[in-house]
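Analysis of the macromolecular model
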Amino acid sequence: EPHGALYGRVLVKVSGEALMGNEAFGLHWPTIENIAQDLVEARSTGCEIAVVVGGGNILRGASVAGQGLDRATADHMGMLATVMNALALEKAVEKAGVPARTLSAIPMPTICEPYARQTASRHLARGRVVLLAGGTGNPYFTTDTGAVLRAAELECDAVMKATNVDGVYTADPKRDPSARRYERLTHDEALAKDLKVMDAAAFALAREAKLPIVVFSIREPGAIAAAIRGEGRATTVAP
Ligand code: UDP
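Residues numbered from 1 in each chain as written. Predicted model: local features only at pLDDT ≥ 70, side-chain atom pairs only at ≥ 80, totals over all residues.

1. Observations concerning the overall build of the protein chain
The number of helices and strands found in the protein chain is eight helices and nine strands. In terms of overall dimensions, the protein chain has a C-alpha envelope of 55 × 50 × 35 Å along the principal axes. The buried share of the protein chain, taken over its 239 residues, is 45%. When contacts within the protein chain are restricted to residue pairs at least 6 apart in sequence, long-range pairs at least 24 apart make up 71% of them. (Helix = DSSP H or I, 4+ residues; strand = E, 2+ residues; numbered from the N terminus. Buried ≥ 20, exposed ≤ 12 C-beta atoms within 10 Å, placed from the backbone. Contact = placed C-beta atoms within 7 Å.)

Below, the structure written as structure tokens:
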């Protein structure tokens, strides 16, 4: 019985790093299974769930570019890393009992469906968890920008940004013990105070699309479902 969702459709951004648990690289299966379980619980609120996965646990374009490898090629490799992560998460969600589909911004039809807005929307309406791989499909962007872009075009009610920190703070809470967490902020306030919510391109797009961003910590079990219910510690950036 669905209950308690604040939103009808959301885009959940999961960083690649969230998939590696306490390891330094790659995929940590127990962690991936926990995140999948959280996504299944989130789905059980009745909310439609699209997910954009990062690739930082495998490769970041900006970090490997140079020494003969140009940035665009390095970014292509980064986008491929996000496809690997999406496939892993897709299998874990299905294993946890909810149908899931990976759609890639870079067409690779022998592995998963190519991304198209209508296809994604149809899968969502049918209750599937939709994993959006390949970011925006273009170099020089991030998966945060991909998350905001997909959220806007799929008419999601919010971007749920799962991070290592339980919200947006007045200062870096790791360095400044007096830092306080914001409960609510407008996009304009976040911009004026120069608070790091997402990278500049992603944030500008969210502000333009008047898209709420909910920042919360993925470290708490059940955090995604809690954020969708409006429970748990988080910061909501909304007009
Ligand atoms: N990337 C890209 N275009 C996009 C999204 C991602 O070129 O639209 C590449 C880029 O090289 C990036 C890598 O994919 O470093 C992994 O994505 P990201 O760094 O956003 O992953 P996260 O930090 O969320 O794990």
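So that's the structure; there's more coming.
2. Brief notes about the site of the ligand
Taken together, the neighbourhood of the ligand is formed by 24 residues, with Gly 54, Gly 56, Gly 61, Gly 78 and Gly 135 sitting nearest. Contributions of two or more residues to the shell around the ligand are made by helix 2 (61–64), helix 3 (71–95) and helix 5 (143–153). Each residue belonging to the shell around the ligand can be placed in one class, and the counts come to five nonpolar, 15 polar and four charged. (Near = placed C-beta within 6 Å. Nonpolar A, V, L, I, M, F, W, Y, C, P; charged D, E, K, R; others polar.)

3. Brief notes about the packing of helix 1 (residues 29–43) against helix 3
Axes are the key here: two packed helices are described by the angle between their axes and the distance separating the axes. Close contact between helix 1 and helix 3 brings their axes to 8 Å; oriented N to C, the two are set at 60°. With respect to their mutual orientation, helix 1 and helix 3 come out oblique. As for how helix 1 packs across helix 3, the hand of that crossing is right-handed. On helix 3, the residues touching Ile 32, Glu 33, Ile 35, Ala 36, Leu 39 and Val 40 of helix 1 are Ala 88, Leu 89, Ala 92 and Val 93. For the contact of helix 1 with helix 3, the residue count by class is nine nonpolar, no polar and one charged. (Axes fitted to C-alpha atoms, helices over the stretch in contact; angles between N-to-C directions. Parallel < 35°, antiparallel > 145°, perpendicular 65-115°, else oblique. Left-handed = near helix turned anticlockwise from the far one by under 90°.)

4. Let's talk about the sheet that holds strand 9 (residues 235–237)
The mixed open sheet is built from nine strands, whose spatial order is 4-3-5-2-1-6-8-9-7. Two strands bound the open sheet, and with one partner strand each, they are strand 4 (113–114) and strand 7 (184–185). Both strand 6 (residues 158–163) and strand 8 (residues 213–217) contribute to a ladder of five bridges, which runs parallel. Looking across to strand 8, one finds that Lys 161 is bridged to Val 215. Of the strands in this sheet, strand 1 (9–14), strand 2 (48–53), strand 3 (100–104), strand 4 and strand 5 (129–133) are in contact with helix 4 (residues 117–125), which crosses strand 5 at around 155°. (Pairing = 2+ DSSP bridges.)

5. Overview of the UniProt feature "binding site: ATP" (unreviewed entry) in the protein chain
As recorded in UniProt, the sites labelled "binding site: ATP" (unreviewed entry) are Lys 13, Val 14, Ser 15, Gly 16, Gly 56, Arg 60, Thr 163, Asn 164, Tyr 169 and Asp 172. Separation in sequence by 160 residues is matched in space for these annotated residues, since their most distant C-alpha atoms are 25.7 Å apart. Relative to the elements of secondary structure, Arg 60 occurs in the loop between strand 2 and helix 2. The exposure class assigned to Arg 60 is partly exposed, which follows from the 19 C-beta atoms found within 10 Å. Locating Thr 163 in the fold gives a position in strand 6. Exposure remark for Thr 163: the 19 C-beta atoms within 10 Å place this residue in the partly exposed category. (UniProt positions renumbered as here; feature names shortened; annotations may be inferred.)

6. Some details on the pairing of strand 1
Most of strand 1 is tucked away, with five of its six residues classed as buried. Sheet analysis places strand 1 next to strand 2, joined by six bridges and oriented parallel. Paired with Lys 13 across the two strands is Val 52, which belongs to strand 2. Running through helix 1, the crossover from strand 1 to the neighbouring parallel element strand 2 is right-handed. Looking at chain direction, strand 1 and strand 6 are connected through five bridges and run parallel. Each residue of the ladder has a partner; that of Lys 13, found in strand 6, is Lys 161. (Right-handed = clockwise from strand over helix to strand, strands pointing away.)

7. Structural notes on the environment of Ala 36
With respect to the helices, strands and loops of the structure, Ala 36 is situated in helix 1. Taking C-alpha positions, Ala 36 is 24 Å from Val 197, a pair spaced 161 residues apart along the chain. Those residues within four positions of Ala 36 in sequence are excluded, and the remaining contacts are Leu 89, Ala 92, Val 93 and Ala 96.

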